[in-house]
Amino acid sequence: MNSMSASGSSSTFSLQDCDVIGFDLDHTLCRYNLKETSRLIYESFARYLVEHKGYDKDLLNLTPAAWDFCFKGLVVDLEEGNLVKLAEDGTVLRATHGTQDLSQEEIIKHYGPKREWKHFNSLNSTFTRSAKYYFYDNYFDLPGALLCARVVDMLHKRGSEVTPDFWKDMVAAIDHNYNTSAFREDAGWYFPCVKRDPGRFLQPCSASVRRWLRSLKESGKILLLITSSHSDYCRLVCEHILGKDFEGLFDVIITNALKPGFFSLIPQQRPFRTLVNDVEDSEGLPGLEKPGWYSQGNWPHLHDLLKNMTGKAQPKVVYFGDSMRSDMFPAFTFGKWETVMIVEEMEGEGVARANPAPSQGPAEKKGKFEDQGMKTPSASSQQWGSYFVDVQRDESGEERPRLTWCSHCIHTYSTTAIPSIEAIADLPLDYEFPRFSPDKPSTTGYYPRPPDSLLKREENQS
């Protein structure tokens with residue numbers, strides 16, 4: 001057998017060698033129209049601030065060009081009121097105060113001559129949330145980075161001091177739109193809009209992905225769906241992207257999993273709960289005895305179920321996800337699972353999609369910003385550069401290429417990285433994917449090929 005576990009040293013990895021194949025839902029198995037979804041999420045957060053917290057109505061006015069600021073991987077430094085882009089060792093590569101770029105001199109003023117962000121070791125080793133910073137690593141909260149920066153701009157315009165207090169309002173906006181009862185109660189703005197017109201935001205899976213999932217099941221693999229979305233939203237999404245019979249594709253479905261806590265809260269782990277009409281039973285289960293649809297839970301109890309289902313003491317699990325904080329880091333670190341990261345930014349850097357998304361319909365049905373210069377959030381940004389590589393300028397003005405912290409994390413906590421599930425749906429089950437490895441070039445581990453910026457960096461170093 002060529003492949004090994006996440007802690008092994010084989011240079012390749014194959015789905016054939018795995019007993020269990022798990023998926024996150026949003027932005028992993030399910031693809032969104034990122035432009036439409038991002039605009040809706042931004043408006044949902046901004047409307048809450050305006051209507052419930054008294055913020056300036058101008059927050060609701062956005063030009064398509066403003067979306068260039070929206071960039072995954074940014075960290076909000078709440079103590080300084082800055083957004084920062086980090087190198088693999090925590091060096092500040094770029095920074096803004098509000099939406100305004102900080103000069104090299106200003107970065108040094110905030111972070112010293114070595115441009116070191118002081119909370120880097122805490123974030124890098126635990127990925128936990130903090131009152132001192134926030135890490136934007138998924139598309140569900142990413143529009144908040146743009147809103148956060150615009151709030152700082154407005155506070156300056158008013159002559160108000162920028163303190164971490166405004167962040168409490170941002171968190172309240174997220175909670176208001178995404179809390180577990182919002183879908184059922186038609187509360188906030190996000191869920192009601194998606195319920196009214198799911199086809200505007202969700203892209204149905206291609207026929208090849210549906211065939212691939214069925215073939216995995218038919219080959220004897222156990223299929224898991226583990227999502228932090230509540231069961232009612234999960235059902236809407238799955239019916240739209242996979243069809244009404246989606247439940248038959250999975251052996252175990254876990255909703256409201258509250259990742260990353262699903263993996264890491266030991267021994268204070270949450271019990272699994274059964275669901276009746278999308279309402280959780282108040283009594284937690286002592287363990288899992290059979291496959292089915294559950295809510296909350298923890299990976300040790302899931303692991304026990306998988307051992308029973310496979311008849312193996314250490315079943316080999318691979319997990320597909322898009323979030324470093326919620327998926328890759330905890331599944332790799334605590335679950336010791338193989339991890340495949342969905343990195344849509346690869347498509348923004350020249351890696352073509354294997355199967356283009358279905359047509360969004362006639363031009364008149366496209367979104368408001370579709371043909372008006374709105375950047376897709378997964379594309380490289382004029383203001384922030386590449387997701388994978390950037391340059392660091394030293395005090396003499398010399399530039400040298402650096403891996404970003406996001407790029408480094410992908411190499412560290414992922415077995416391999418792909419732009420989408422579609423990219424691998426037509427491959428044979430025994431296809432050998434190259435693994436990321438500390439003793440291999442930074443380009444090794446991406447399928448079907450590395451992003452342009454990493455290829456260029458590798459060429460310049462050779």
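These numbers come from a predicted model, not from an experiment. Residue positions are counted from 1 within each chain, in the order its sequence is given. Per-residue local features of the predicted model are confined to residues with pLDDT of at least 70, and side-chain atom pairs are confined, for both listing and counting, to 80 or more; whole-chain, interface and lining totals are unaffected and use all residues. Side-chain figures throughout are based on the complete set of non-hydrogen atoms in the structure, without hydrogens or water.

Draft legend 1. Representation of the environment of Asn121 within the structure. Counting from the N terminus, the helices are DSSP H or I runs at least four residues long and the strands are E runs at least two residues long. The topology assignment puts Asn121 in helix H3 (residues 120–126). Using a relative accessible area of 60% as the deciding quantity, one classes Asn121 as exposed. Once the C-alpha coordinates of Asn121 and Thr227 are considered, the two residues, 106 residues apart in sequence, prove to be 28 Å apart. Note on exposure labels: buried denotes an accessible area under 20% of the residue type's maximum, exposed denotes more than 50%, and partly exposed covers the range between, all computed with a 1.4 Å probe on protein chains only.

Draft legend 2. Broad picture of the pairing of strand E10 (residues 222–226). The buried fraction of E10 amounts to five of the five residues, a majority that puts the element mostly inside the structure. Of the strand pairs in this sheet, strand E2 (residues 20–23) and E10 are connected by four bridges, and their pairing is parallel. If you follow Phe23 over to E10, its bridge partner there is Leu225. By the convention used here, strands pair only if DSSP detects at least 2 bridges between them. Inspection of the sheet shows E10 paired to strand E11 (residues 252–255) by three bridges, in the parallel sense. Paired with Leu225 across the strands is Ile253, a residue of E11.

Draft legend 3. Fine view of helix H15 (residues 452–461). Every buried residue belonging to H15 is among Ser453, Leu454 and Arg457, and all of these are buried. Buried residues of H15 fall within an arc of 100° about the axis and therefore sit on the same side. Pointing more than 90 degrees away from the buried face of H15 are the exposed residues Lys456 and Glu459. In this fold, the buried residues of H15 make contact with strand E18 (389–393), strand E19 (399–403) and helix H14 (405–413). Think of the arc as the fan of directions from the helix axis to the C-beta atoms. Note on contacts: a residue pair qualifies if any of its non-hydrogen atoms lie within 4.5 Å across the two residues.

Draft legend 4. Inspection of the packing of helix H13 (residues 324–333) against H14 at higher detail. One way to put it is that H13 packs onto H14 with a least axis distance of 10 Å and a crossing angle of 35°. Considering only the axes of H13 and H14, their crossing is left-handed. Here Met324, Met328, Phe329, Phe332 and Thr333 of H13 come into contact with H14, specifically with Cys409, Ile410, Thr412 and Tyr413. Note on residue categories: nonpolar means Ala, Val, Leu, Ile, Met, Phe, Trp, Tyr, Cys or Pro, charged means Asp, Glu, Lys or Arg, and polar means any other residue, Gly included. Class assignment for the residues of the contact of H13 with H14 results in seven nonpolar, two polar and no charged. For helices, the axis comes from a line fit to the C-alpha atoms of the stretch in contact; other axes are also lines fit to C-alpha atoms, and the angle between any two N-to-C directions lies between 0 and 180 degrees. A clockwise turn of the near helix away from the far one marks a right-handed crossing, whereas an anticlockwise turn of less than a right angle marks a left-handed crossing.

Draft legend 5. Quick look at the nonpolar core. Within this scheme, the nonpolar core is defined by two criteria: the residues are buried Ala, Val, Leu, Ile, Met, Phe, Trp, Tyr or Cys, and they are joined through side-chain atoms within 4.5 Å. Among the nonpolar cores identified, the biggest contains 122 residues, and Phe23, Trp212, Leu213, Phe320 and Ile410 are the most heavily contacted of them. Look past the residues within four positions of Leu213 in its chain and what remains in contact with it is Phe23, Leu29, Leu223, Leu242 and Leu249.

Draft legend 6. Representation of the confidence of the model for the chain in the model. Looking at any residue, its pLDDT shows the predictor's confidence there, from 0 to 100. Per-residue confidence for the chain gives a mean pLDDT of 91, with 93% of residues at or over 70. Note on residues 355–371: pLDDT under 50 across the span, and 21 contacts to partners over four residues away in sequence or across chains.

Draft legend 7. Local environment of the sheet that holds strand E6 (residues 92–97). The strand order across the open sheet built from five strands is E7-E6-E5-E4-E8, with neighbouring strands paired in antiparallel fashion. Two strands lie at the open edges of the sheet, namely strand E7 (100–101) and strand E8 (133–135), each paired on one side alone. Set on the sheet, helix H2 (residues 104–111) makes contact with strand E4 (75–77), strand E5 (82–86), E6 and E7; between it and E6 the angle comes to about 95°.

Draft legend 8. Unusual backbone geometry, seen in detail. Of note, the amide linkage connecting Lys259 to Pro260 takes the cis form, showing an omega dihedral of 5°. Backbone torsion omega between Tyr447 and Pro448 reads 5°, so that peptide bond is classified as cis. Structurally, Pro448 is set in the loop between strand E21 (433–434) and H15. You will see that Asp278, though not glycine, has its phi angle at about 65°, which is positive. Here Asp278 is to be found in the loop between strand E13 (275–276) and strand E14 (279–280).

Draft legend 9. Highlighting the side chain of Arg273. On the secondary structure map, Arg273 appears in strand E12 (residues 272–273). For the buried Arg273, no salt bridge exists, and the shortest N-O distance to an oppositely charged side chain is 4.2 Å, to Glu280. Distance and chemistry together define a polar contact, namely a pair of N or O atoms within 3.5 Å, with one atom able to donate a hydrogen and the other to accept it when in protein, and with adjacent residues in sequence counting only for side-chain atoms on both sides. In this structure the side chain of Arg273 is engaged in a polar contact, spanning 2.7 Å, whose partner is the backbone oxygen of Ser282. With residues near it in sequence (within four places) discarded, Arg273 still touches Glu280, Asp281, Ser282, Glu283, Gly284, Tyr294, Ser295 and Gln296. Under the convention used here, Asp and Glu are negative, Lys and Arg are positive, and both His and the chain ends fall outside the count. For this document, the term salt bridge refers to a Lys or Arg side-chain nitrogen within 4 Å of an Asp or Glu carboxyl oxygen.

Draft legend 10. The arrangement of the packing of aromatic side chains in detail. The criterion for an aromatic pair is that two Phe, Tyr or Trp rings (for Trp, the six-membered ring) have centres within 6.5 Å, with stacked assigned to planes under 30 degrees apart, edge-to-face to planes over 60 apart and tilted to the rest. Enumeration according to the criterion identifies 44 aromatic pairs in this entry. The interplanar angle of 40° and the centroid separation of 4.6 Å between the aromatic rings of Phe127 and Phe329 together place this pair among those described as tilted. Linking Phe127 in the loop between H3 and E8 with Phe329 in helix H13, this pair joins segments that are 202 residues apart in sequence. Consider the rings of Phe140 and Tyr190, whose centres lie 5.8 Å apart with planes at 85°: the pair is edge-to-face. Of the two residues, Phe140 sits in the loop between E8 and helix H4 (143–158) while Tyr190 sits in helix H7 (residues 190–196), which places them 50 residues apart along the sequence. When sorted by exposure, Phe140 lands in the same class as Tyr190, which is buried. The rings of Tyr32, Phe45, Phe140, Tyr178, Phe183, Tyr190, Phe191 and Tyr233 are connected pair by pair, giving a single aromatic cluster. As a reminder, the over-ring test applies to NZ of lysine and CZ of arginine, requiring each to be within 6 Å of the ring centre and within 35 degrees of the ring normal. Cation over ring: Lys195 sits above Phe183, and NZ or CZ is 4.4 Å from the ring centre.

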